Amino acid sequence: MRRIALLFVPLFTVPLAAAIAQQHTAAPPAPPAAAPAVPHDSVRGAIRSIDVRSRTVEVTAGVGYALRVVALQIPASVSITNRHGSQPDVIALGQLKLGDVVRAQFGGKAAPFVVYTIERLGRMTTGVDSTP
Amino acid sequence: MTRHTLIIALALAAAAACKRPPPKPQPGDPLPGLTAAQRAQFDSGRAVFESTFTAPTGLGPLFNASGCAECHESPVAGGVGDEVERHAAVFHPDRPGFVCDQLAAVGGPVFQDSVTAALHAALGIDREALPPGVTTVAARTTPDIFGFGLLDAVPDSVILSYADPDDKNGDGIMGRPNRFVDGRIGRFGRKAFVPTLREFNDGAFQVEVGITNPSVPEEGTVTGRPLPPGTDPAPDPELNAHSLQLADAFVRFLAPPPPLKQSREATHGRDVFMQVGCAGCHVPVLRTGDNAIAALSHQEVAAYTDLLLHDMGEGLADICFGLATPSEFRTEPLMGLRLSTHFLHDGRAATPEQAIDLHGGEATRSRDLFRSLPAADRAALLLFLKTL
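Glancing now at the overall build of chain A. Looking only at helices and strands, chain A features 1 helix and 7 strands. The secondary structure elements of chain A, listed N-terminal to C-terminal, are α-β-β-β-β-β-β-β. A burial count over chain A gives 29% of its 132 residues as buried. Contacts spanning at least 24 positions in sequence make up 49% of the contacts within chain A whose residues lie at least 6 apart.

Right, here's the structure in full:
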């Protein structure tokens, strides 16, 4: 009776161990918390809100009347390039204003998306390429 | 002798045929001078424009029409329509840099009036609700889009040349450009918000018909909420790049309706039009710039607009849009005016005379001059407008 029971043990334990091993092999390794993802999208539009504390901005963009709002999180390590002046320079997040036109590359799975590059191009009121 | 007579007759007929000017394009016709390939695009694009979409082919779930030609329908595809739709925005004059919230985060600025059966079943709604706090809703009629390819080909520099935001010439007419959210100069739409025809068309597929496409690959929201699962079964994009490009070609190559031959009275009316200052905003002719399409390059278009924003007075004010304040509107092109049955951006005027009467703001002086004209001059001006 005892020998029979011992013979059955591998019948259950071996497949179970194999399944666990397979699960571990199939599951993708969890990315480190700070691992950068690749930017998957870009946006060019006007800033409609700024939260300096959480380092997030909302940008209105779109095509024609199909407008959308993209929420972006700007890591402290990302420089904000100001291209509105005669020479490009780096500005602080607190220097961005509502109505500034920015171009950003971002990644991530859900809003707020993580910004990889961001440039201030001008202001909606005065334009980017030509002025009234 | 008979043979000679026949030869002479044939030669005369051939000469007459050569001298005859080409027929003027009628509403719905393509621009003259298109290549065979462009003409083929125009014809194929008309089929896309006239398509009727259904839920299985991508319609909705929120929409205003089941296809472009459902609204742009009279007298032919590309013409005017009797549909009136809802736009909304919130004006914050005290918020520099963000004075106009076009409600993009909550389904705006266009709020659709129809839903598919699936969305109705899921949410029990018949149209998209306005978000809380919206106090002003704008009604927008369907304009004709004849000649819009030529308007697209007018350089920004031409538009800016008419701008006088500080009224430096002291004529009471200012005019300033609107700008899209990325800073480019706008020209399409009743508030001149959209910079290019292509973007207007691509956006309209999604906003008006609920058809996603390579330019706008995602559906809109239902007043800011995502679509319930299963309500949008067609795979995105619901219109492919080729069909999108063809539809754009159809719109781009639509010829403007040529002005009708003017009677003596109508010609006098044109003079009156100039005298009372209408042409200060309704600039009779714009010129296109360099363009890869010869039919659009360096052409004159009798658009009767400057494509700029003007203050039209509080009586007409509705919503803000981009930089446009509630009372600012783009000068409505008058080309094709004879095809319209309702006038002004929301169709509130039943006749051109009523429309003139409702002008205010920068147009007050011209309106008052019109009102004070002798009846014969007023009639002549109105007759002139009917030739456009």
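The structure having been displayed, the exposition proceeds.
Our focus in this paragraph is the overall build of chain B. Counting its secondary structure elements, chain B contains 12 helices and 11 strands. Taken over the C-alpha trace, chain B has a radius of gyration of 23 Å; the compact-globule value for 388 residues is 21 Å, and the two agree within 12%. Projecting the C-alpha coordinates of chain B onto the three principal axes gives extents of approximately 85 × 55 × 35 Å. By the burial criterion, 50% of the 388 residues in chain B qualify as buried. Considering only contacts within chain B whose residues lie at least 6 apart along the sequence, 68% involve residues at least 24 apart.

Residues and elements named next belong to chain B. Position of glycine 60 among the secondary structure elements: in the loop between α2 (36-49) and β1 (62-63). As for glycine 60 and glycine 210, which are separated by 150 residues in sequence, their C-alpha atoms are 4.0 Å apart. What glycine 60 contacts, discounting residues up to four positions off in sequence, is Ala55, Val115, Thr116, Leu119 and Gly210.

Another aspect to go through is the interface of chain A and chain B. Of the residues lining the interface, 27 residues belong to chain A; the matching set on chain B comes to 32 residues. Of the residues in the side of chain A that touches chain B, the class split is 13 nonpolar, 9 polar and 5 charged.

Nonpolar side chains tend to gather and get buried jointly when the protein is soluble and globular. One finds Val59 and Leu72 of chain A together with Phe250 and Leu254 of chain B to be the most contacted residues of the largest nonpolar core, which totals 124 residues. In terms of residue count, helix α8 (residues 241-253) of chain B provides more of this core than any other element does, 7 residues in total. Structurally, this core is a two-domain feature, drawing no fewer than three residues from each of domain 1 (36-171 + 180-253) and domain 2 (264-385) of chain B. Non-local contacts of valine 59 of chain A, meaning those with residues more than four positions away in its chain, are made with Val43, Gly45, Ala46, Ile47, Arg48, Val70, Leu72 and Val102 of chain A.

Attention now moves to the sheet that holds strand β7 (residues 137-142) of chain B. All names here are of chain B. Across the sheet, 3 strands lie side by side as β5-β2-β7; this open sheet has antiparallel pairing. Each end of this open sheet is capped by a strand with a single partner; those strands are β5 (110-111) and β7. As paired strands, strand β2 (residues 81-88) and β7 are joined by 6 bridges and run antiparallel to one another. Looking at the pairing, arginine 86 lines up with alanine 139 of β7.

Another point: α2 of chain B. Residues and elements named next belong to chain B. With 14 residues, α2 extends 20 Å from end C-alpha to end C-alpha; this agrees with the ideal 20 Å at 1.5 Å per step. Residues Gln38, Gln41, Phe42, Gly45, Arg46, Val48 and Phe49 constitute the buried set of α2. Summarising the axial view, the buried residues of α2 lie within an arc of 155 degrees, below the 170-degree limit, and thus occupy one face. Among the exposed residues of α2, those oriented more than 90 degrees off its buried face are Ala36 and Ala37.

Residue and element names in this part refer to chain A. Sheet topology places strand β1 (residues 41-51) next to strand β6 (residues 100-107); 6 bridges connect them, and they run antiparallel. Looking at the pairing, arginine 44 lines up with arginine 103 of β6. Across 5 bridges, the pairing between β1 and strand β2 (residues 56-63) is antiparallel. Within β2, the position partnered with serine 49 by the bridge is glutamate 58. Counted along the chain from β1 to the antiparallel partner β2, the turn is 4 residues long, and its residue arginine 55 has a positive phi close to 55 degrees.

Bringing the packing of helix α9 (residues 264-275) of chain B against helix α12 (residues 375-385) of chain B into the picture now. Residues and elements named next belong to chain B. Where α9 contacts α12, the axes come no closer than 7 Å and their chain directions differ by 100 degrees. Looking at the two axes, α9 sits roughly perpendicular to α12. Residue-level inspection shows Glu265, Ala266, His268, Gly269, Arg270, Val272 and Phe273 of α9 in contact with α12, the latter providing Asp377, Ala380, Leu381, Leu382, Leu383 and Phe384. When grouped by side-chain class, the residues that make up the contact of α9 with α12 number 8 nonpolar, 2 polar and 3 charged.

Residues and elements named next belong to chain A. Model confidence for chain A is summarised by a mean pLDDT of 78, while 67% of its residues fall at 70 or above. Mean pLDDT in chain A bottoms out at helix α1 (residues 2-26), which sits at 43, and peaks at β2, which reaches 98. This model gives residues 1-35 a pLDDT under 50, and the stretch forms 0 contacts once residues within four places in sequence are excluded.

This part is about the domain arrangement of chain B. All names here are of chain B. In terms of domain boundaries, chain B breaks down into domain 1 (36-171 + 180-253) and domain 2 (264-385). Put simply, the middle of domain 1 and the middle of domain 2, counted by C-alpha atoms, are 23 Å apart. At the junction of the two partners, domain 1 supplies 39 residues and domain 2 supplies 35 residues. The set of elements that each furnish at least two residues to the side of domain 1 that touches domain 2 consists of β2, β7, α5 (148-152) and α6 (156-162). Top element by residues in the side of domain 1 that touches domain 2 is β7. It accounts for 4 residues. Looking at the side of domain 1 that touches domain 2, its residues break down into 24 nonpolar, 9 polar and 6 charged.

Glancing now at the packing of helix α7 (residues 197-209) of chain B against α8 of chain B. Residues and elements named next belong to chain B. Taken N-terminus to C-terminus, the directions of α7 and α8 make an angle of 125 degrees; their axes are 10 Å apart at the nearest point. As the angle between them shows, α7 and α8 are arranged oblique. With respect to the hand of their crossing, α7 and α8 are arranged in right-handed fashion. Taking contact as the criterion, the partners of Leu197, Arg198, Asn201 and Asp202 in α7 are, on α8, Leu244, Ala247, Asp248, Val251 and Arg252.

The rules we used
- Residues numbered from 1 in each chain as written.
- Chains lettered and ligands numbered in written order.
- Predicted model: local features only at pLDDT ≥ 70, side-chain atom pairs only at ≥ 80, totals over all residues.
- Helix = DSSP H or I, 4+ residues; strand = E, 2+ residues; numbered from the N terminus.
- Buried ≥ 20, exposed ≤ 12 C-beta atoms within 10 Å, placed from the backbone.
- Contact = placed C-beta atoms within 7 Å.
- Rg over C-alpha atoms; globule rule 2.2 N^0.38 Å.
- Nonpolar A, V, L, I, M, F, W, Y, C, P; charged D, E, K, R; others polar.
- Core = buried A, V, L, I, M, F, W, Y, C linked by C-beta atoms within 7 Å.
- Domains from an automatic or database assignment.
- Pairing = 2+ DSSP bridges.
- Expected span 1.5 Å × (residues − 1).
- Arc of directions from axis to C-beta.
- Axes fitted to C-alpha atoms, helices over the stretch in contact; angles between N-to-C directions.
- Parallel < 35°, antiparallel > 145°, perpendicular 65-115°, else oblique.
- pLDDT = per-residue confidence, 0-100.
- Left-handed = near helix turned anticlockwise from the far one by under 90°.

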